[in-house]
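# Overview (structure and organization)
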Amino acid sequence: MRIDGVAKRSIWPGGDGETVEIIDQTKLPFEFATRRLTHCDDAVEAIKVMRVRGAPLIGVTAAYGLAMAMREDPGDAALATAYETLFATRPTAVNLRWALERVRAHLSPLDPSHRFSTAYALAGQMADEDVEINRMIGVHGLEIIKSHASGGGPVNILTHCNAGWLATVDWGTATSPIYQAHDAGIDVHVWVDETRPRNQGAFLTALELGWHGVPHHIITDNAGGHLMQHGRVDMCIVGTDRVTASGDVCNKIGTYLKALAAQDNNVPFYVCLPTPTIDWRVSDGVAEIPIEERAEDEVLYLDGVLADGSVVTPRITAPNSPAANPAFDVTPARLVSGLITEMGVFDANTAALSQLKRNLNP
Ligand code: MRU
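So, how was this worked out
Residues numbered from 1 in each chain as written. Predicted model: local features only at pLDDT ≥ 70, side-chain atom pairs only at ≥ 80, totals over all residues. Heavy atoms only, no water. Helix = DSSP H or I, 4+ residues; strand = E, 2+ residues; numbered from the N terminus. Buried < 20%, exposed > 50% of the residue type's maximum accessible area, 1.4 Å probe, protein only. Lys, Arg positive; Asp, Glu negative; His and termini not counted. Salt bridge = Lys/Arg side-chain N within 4 Å of Asp/Glu carboxyl O. Polar contact = N/O pair within 3.5 Å; in protein donor to acceptor, adjacent residues only side chain to side chain. Near = heavy atom within 4 Å. Areas by Shrake-Rupley, 256 points an atom, 1.4 Å probe, with all protein chains shown as cover. Pairing = 2+ DSSP bridges. Phe/Tyr/Trp six-rings, centres within 6.5 Å; stacked < 30°, edge-to-face > 60°. Lys NZ or Arg CZ within 6 Å of the ring centre and 35° of its normal. Core = buried A, V, L, I, M, F, W, Y, C linked by side-chain atoms within 4.5 Å. Contact = heavy atoms within 4.5 Å.

So, on to the side chain of Asp 221. Looking at where Asp 221 falls in the secondary structure, it is placed in the loop between β8 (216-219) and α8 (224-229). The charged side chain of Asp 221 is buried without a salt bridge, its nearest counter-charge being Lys 258 at 4.8 Å. Polar side-chain contacts of Asp 221 include one of 2.7 Å to the backbone nitrogen of Arg 196.

A separate point is the site of the ligand. Around the ligand, the structure places 18 residues, and the nearest of them are Arg 90, Gln 200, Asp 241, Asn 251 and Lys 252. One of the backbone N or O atoms of Ala 55 is found 2.9 Å from an oxygen atom in the ligand. The separation between an oxygen atom of the ligand and a polar side-chain atom of Arg 90 is 2.8 Å. Notes on the ligand: free accessible area 410 Å², of which the protein chains cover 100%.

Taken in spatial order, the four strands make up an open sheet running β13-β10-β11-β16, and their pairing is mixed. Of all strands in the sheet, those bounded by a partner on one side alone are β13 (278-279) and β16 (328-331). Here strand β10 (residues 242-244) runs beside β13; their pairing, made up of two bridges, is parallel. Residue pairing across strands places Val 243 opposite Ile 278, the latter belonging to β13.

A word on the packing of aromatic side chains. In the structure shown here, the tally under the stated rule is six aromatic pairs. For the ring pair Phe 30 and Phe 203, a centre distance of 5.4 Å and an interplane angle of 70° mean the geometry is edge-to-face. Highlighted residues: Phe 30 in the loop between β4 (20-23) and β5 (34-37) and Phe 203 in helix α7 (residues 200-212), separated in sequence by 173 residues. Classification of Phe 30 as partly exposed rests on a relative accessible area of 28%. On the numbers, 5.5 Å between centres and 75° between planes, the contact of Tyr 64 with Tyr 120 is edge-to-face. Placement of Tyr 64 in helix α2 (residues 55-72) and of Tyr 120 in helix α5 (residues 115-148) is noted, with a sequence separation of 56 residues between them. You can call Tyr 64 buried: its relative accessible area is 2%. One aromatic cluster in this structure is built from Phe 32, Trp 165 and Trp 211. Over the ring of Phe 328 we find Lys 252; its NZ or CZ atom is 4.0 Å from the centre of that ring.

Core analysis: the biggest nonpolar cluster contains 76 residues, and Leu 86, Ile 145, Ile 178 and Val 188 have the highest contact counts within it. Of the residues forming this core, the biggest block, 13 residues, is contributed by α5. When residues no more than four places from it in sequence are discounted, the contact partners of Ile 145 are Val 155, Ile 157, Pro 177, Ile 178, Ala 181, Ile 186, Val 188, Met 235 and Ile 237. Judged by nonpolar contacts, the second largest core, of 27 residues, contains Ile 219, Ala 223, Ala 262 and Phe 346.

With that out of the way, let us pick up helix α6 (residues 175-183). With seven of its nine residues buried, α6 lies for the most part within the structure. The set of residues buried in α6 consists of Thr 175, Ser 176, Pro 177, Ile 178, Tyr 179, Gln 180 and Ala 181. Buried residues along α6 sit against α5, β6 (155-159), β7 (188-193), α7, β9 (235-238) and β12 (269-272). A positive phi of about 90° marks Gly 185, the residue just after α6.

In structure tokens, the structure reads:
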């Protein structure tokens, strides 16, 4: 996507054939800073503290991390250690495991002297694939947005968290149909859930939509149900960190409540995902998907900017009260109107996803 007319991705090769660069998302929306990752440990740190975040981008960053580990020591033991260290960074987004397994499977049979160059090239290929996958999600999702366009006002779309281009390599998942609809001249307006505690909606999705010129309003996380009751939401579109083989959807905390409100108000609830986000090994999302518990400080403190431009992080809660911070929840398949993938739109159930699996591996 473009910022001030300049094409950008969320991650790109460092130009020296050895490193990779990222947008440091912990600084957004107050500062646009890029950062070079040189060692595997840099990738580990970037994923953990969420300089990069969003399921697809976590996967690509981990692939580069494994590559950089191979530059320093291409032996089997180092490969195993780097794999485990990267795998332990964040537990919920399955794209991390998918990316690490894919790179390891390529590297394991190779002579160690070829491992770094192979892994680095593969990470770049995975980044390019992610861009094309997300473009195709947009192509399929666009048709759904079109079906809601009456010509009598904007299509009002509610989204949660940031499943935009900053969460992927480019385009985003949930935002790809929105950007493509906007570019096609369809009148779209987005309700952006702020997405406490880390405010990915208010900080990142709103920023992206603003860069692209898509009309939007930031809303509190609690406003969606009210807007749906009053006919002010035509559809919800969210991303996901893991979809089970039966169509349960794990996404940023609060997604489940939006899906419940959507069903109660007959508002279609769509989920956009690249097929590597499907975890074919699990079926019951509530029972089987590990939910990340993050630090309580993310709830107790919030970044903000003062009138003089200085960024501050005040405490925003009563003193001495502890906080709990589950970072994801699971929306049962029965609440999902459709899964928008690069392969087309599928019902959220075992039969439809089995068909998708057969399409992927004919
Ligand atoms: O904790 P985050 O910011 O990594 O969570 C991101 C989300 O929940 C996104 O909705 C999901 O990863 C889909 S990204 C295309």
